[in-house]
Amino acid sequence: MMTFAGFKDSFLWYSFKRDKIAIISLLVLVLLVMVAVFAPLVAPYDPYDPEMIDIMNSEIPPVWEDGGEKAFVLGTDSQGRDMLSTMIYGMRVSLIIGFGAVALQAILGVFIGLFAGYHGGFLDSFFMRAADVQLSFSYLMVAIFMSAILQAIVGVARFGEIAVPFLILVIGFSQWPQYARTVRASVLAERNKEYVEAARVAGFPSAQIIIKQIFPNTLSPILVLSTIQVANAVMSEAALSFLGLGMPIDRPSLGSLINSGFEFIFSGAWWITALPGLLLVILVLSINMLGDFLRDVFNPKLYKG
Amino acid sequence: MQKLFTRLFPILLVLLLAGFVQAKTMKLAMDADPVSLDPHMQLSGGMLQYSHMVFDPLVRWTKETSIEGRLAEKWERKDEKTVRFFLKKGVKFHSGNELTAADVIWTVKRLKDSVDFKGIFEQFEIPVQVDKYTVDIITKVPYPLLINTATYIFPMDSQFYSGTDAKGTDKGVINKTGYSFANDNASGTGKYTVVERQQGVKVVFKEFKGYWDEASPGNVEEIVLTPIKNDATRVAALLSGDVDFIMPVPPQDMDRIEKASNVKLVTMSGTRIITLQLNQQRVEAFKNEKVRQAIVYAINNAGIAKKLMKGRATVGGQNSPNGYLGYNADLTPRYDLKKAKQLMKDAGYEKGFEISMIAPNNRYVNDEKIAEAAASMLGKIGIKVNLKTMPKAQYWDKFDEQVADVQMIGWHSDTEDTGNFFEFLLMCPNKETGYGQYNSGHYCNAEVDALTLAVQSETDDVKRTAMLKKMEKIAYDEAAFVPLHWQDLSWAGKTNLQIAPIVNVMNFPYFGDLVIE
């Protein structure tokens, strides 16, 4: 186990201290995650509480625009909900779905990719053909299929309550081949290199070789892919919500908030779509920047070369 | 030979170009495309709009809501139960068959079999052929709305739809959920034939060369219908010139379209009432009149009309819009949150309860937002609503299955008469007669049923009016349903399209008569 002192001496900390972009990204990300986690304490209103929503307050612009009101700093949406609170709660939903789905994809994909790539043979062909099958139909189809079954089981009314785990499962399960393919490709390149041969000669068990020797060398593509996949998962969730298969419309995620606000882009109420859009960009950008930084640090070829 | 060709070539070229110039294509964007090619598959605005393109009715409404002959050249009342229709001679179906009285009889029979239409045609007997081009349409009782109802008789090609198809099923069969020959093939007398159709992607209509109505000024030879569900995208498509005509126009963008120089907006106050039905079979609490009233009092429909609809809707307290016989001026919208809370208390539901609700998201103007607003308004009186919205292609199946406790439906009277609202939305559901076919609330009141049936054969307008007003009053007092508003109708197109003459309060644009300058 790495101690804190050990961490302070590590190359990771050393390069982090010298990378301003990484510091800012981490600060922004931590801030956003904290805000999302403590949403009920931070948000001025509870957008899920009907008592706080009045249709007569709809489409109030942000406070700095003409007609803005102090009570609603970032304005209100078409239902009369406070934008700031709705965005904070929406980000919470998006983060849970985004990270949850990517974690599921990554766990499945990385394990399958590592073992399939290292062992080859039947295991490899089996999983790669399974990946082909999975890739040949879109996640939307999987989602429609699964939601039809689920709705039949739990009924339309209860569906809203299981929407979050459902979305994580659907997006997670349908996109694992992205990881498996990427990891397998790296493993194929690595497994015949000298250091792997050496480990094999030294008599390490194959599980240990895979995890201790090969896995760190496949990390950089995984990190890059993860940053893209988080953004992808958030987008997929927005698409599913739009089709009525995702979050209920009265519990919007960031993606579905942008989607619903899009209808107002011509009518002057730009803030309904632009502000959550901006928040999503900041969120995804900070994840991306951190991903870039981690890739540079973890890539043995870069820092030892 | 070569010399001849070089001389002829410019002439040919000019002729060819002239041909291209004349071929007028209209790109139409709607919020959804027809769910089927079978006009009897579903009773809905979208299907009737489609029917007016590919089929022709016996008679139709004009813009001034009078009746004009289409396939019926003229008609005369024989007695109080019979109207004799004289069909135009020489009218050809798309298949080449000629329109005869037999087709009209076949069509009315099929309408009486259709789950959706049988309620409208319940009072109709099987028509009787007088000669090849003359047919008597007969009702069981004296029926003042016979001519109004004839606007829904779009004669179908009985020869084309008879026999069995390659799969061995009857071509005439109506199937609401699966395959049928009529869902994929159509032969009517209308100006357009469907040449290409991809559900949810596009439908291409081409002018039928043998079309009978040569007097029509319409000059559109091809219509490409693209469903664009998203309001802003649909407006953007019009403003950027990608499409020529859009319907409906979202209220939030109307000002912008009015200001734009290359497009124009046509609006009309509508007669379609948007309502919520409270399913009394699914929810015990909805059987309590006080709870239903509390819900009506809790919903700020004036706020919805003002804010979500941007004033492009008339807030309602009943089914009938102003101008209908049954319109009862005393039945004003009710919104009073305090009273709603008190009613919930009186009913013993102070703590509230939890219900489910479904609504379409591409059927009515702002339907999804309205449902969302209504759900949060119910939240204020302690009713927690689990809301789910979906495209109309899925919605109507769910509606028919009654999967949720509260369901949204908008209704436009098929006969332009108050009785129609009650026949479909408020009479006790009856599978045999088809009455109450869209009454997913299961509101059932013997007095309302009796009045609705009695008014059908009441020919005295004064008595009719009194009865219809009474029906509205009962439904209002018992809070049989939640009335929201009558949505305005809207269309927008490029300035060279003459939209105003072809649109009407039924929202059936007569595209066959559309002139592109």
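All of the points below concern the structure found in this document.

Conventions adopted
- Residues numbered from 1 in each chain as written.
- Chains lettered and ligands numbered in written order.
- Predicted model: local features only at pLDDT ≥ 70, side-chain atom pairs only at ≥ 80, totals over all residues.
- Heavy atoms only, no water.
- Helix = DSSP H or I, 4+ residues; strand = E, 2+ residues; numbered from the N terminus.
- Buried < 20%, exposed > 50% of the residue type's maximum accessible area, 1.4 Å probe, protein only.
- Contact = heavy atoms within 4.5 Å.
- Buried area = accessible area lost by both parts, 1.4 Å probe.
- Salt bridge = Lys/Arg side-chain N within 4 Å of Asp/Glu carboxyl O.
- Nonpolar A, V, L, I, M, F, W, Y, C, P; charged D, E, K, R; others polar.
- Pairing = 2+ DSSP bridges.
- Axes fitted to C-alpha atoms, helices over the stretch in contact; angles between N-to-C directions.
- Disulfide = S-S within 2.5 Å.
- Phe/Tyr/Trp six-rings, centres within 6.5 Å; stacked < 30°, edge-to-face > 60°.

## Observations concerning the overall build of chain A
Then comes step 1: Looking only at helices and strands, chain A has 14 helices and zero strands in total.
Then comes step 2: In sequence order, chain A lays out its α and β elements as α-α-α-α-α-α-α-α-α-α-α-α-α-α.
Then comes step 3: Each of the three principal axes of chain A carries a C-alpha extent, and together these read 75 × 50 × 35 Å.
Then comes step 4: Within chain A, buried positions represent 47% of all 305 residues.

## Points about the interface of chain A and chain B
A common way to report how large an interface is uses the accessible area buried once the components associate.
Then comes step 1: Facing 31 residues of chain A, the contacting portion of chain B comprises 36 residues.
Then comes step 2: Around 3,000 Å² of area is buried between chain A and chain B when both sides are counted, 55% of it from carbon and sulfur atoms.
Then comes step 3: Viewed at the interface, chain B and chain A are joined by three salt bridges.
Then comes step 4: Residue A:Arg81 pairs with B:Glu372 through a salt bridge whose shortest N-O separation is 2.8 Å.
Then comes step 5: Taken together, the residues of the side of chain A that touches chain B sort by class into 16 nonpolar, seven polar and eight charged.

## Things to note about the sheet that holds strand β5 (residues 82-87) of chain B
Residues and elements named next belong to chain B.
Then comes step 1: A sheet is described by the order of its strands in space; here four strands give the open sequence β4-β5-β7-β6, paired in antiparallel fashion. What marks the edges here is a single partner per strand, and that holds for β4 (72-79) and β6 (128-131). On average, each strand axis in the sheet is tilted by 25° relative to the strand beside it, whichever way the strands run.
Then comes step 2: Pairing of β4 with β5, which is carried by six bridges, proceeds in the antiparallel orientation. Paired with tryptophan 75 across the bridge in β5 is phenylalanine 85.

## Regarding the state of the cysteines
Residues and elements named next belong to chain B.
Then comes step 1: The tally for this structure, following the rule as stated, stands at one disulfide over all chains.
Then comes step 2: Across a sulfur-sulfur distance of 1.9 Å, cysteine 428 and cysteine 444 are joined as a disulfide pair. Because the torsion about its S-S bond is 100°, the bridge between cysteine 428 and cysteine 444 counts as right-handed. Pair noted here: cysteine 428 is in the loop between α13 (419-426) and α14 (446-456) and cysteine 444 is in the loop between α13 and α14, with a separation of 16 residues, a long-range link.
Then comes step 3: Taking the relative accessible area as the measure of exposure, cysteine 428 reaches 17% and is therefore buried.

## Here we look at the packing of aromatic side chains
Residue and element names in this part refer to chain A.
Then comes step 1: Counted under the stated rule, the structure contains 29 aromatic pairs over all chains.
Then comes step 2: Residues tyrosine 48 and tyrosine 89 carry aromatic rings whose centres are separated by 5.1 Å and whose planes lie at 70° to one another, so their mutual orientation is edge-to-face. Placement of the pair is tyrosine 48 in the loop between α4 (39-42) and α5 (83-119) and tyrosine 89 in helix α5, with a sequence separation of 41 residues.
Then comes step 3: On the basis of relative accessible area, tyrosine 48 is assigned to the partly exposed category, the value being 23%.

The values reported here are purely geometric and, on their own, carry no functional implication.
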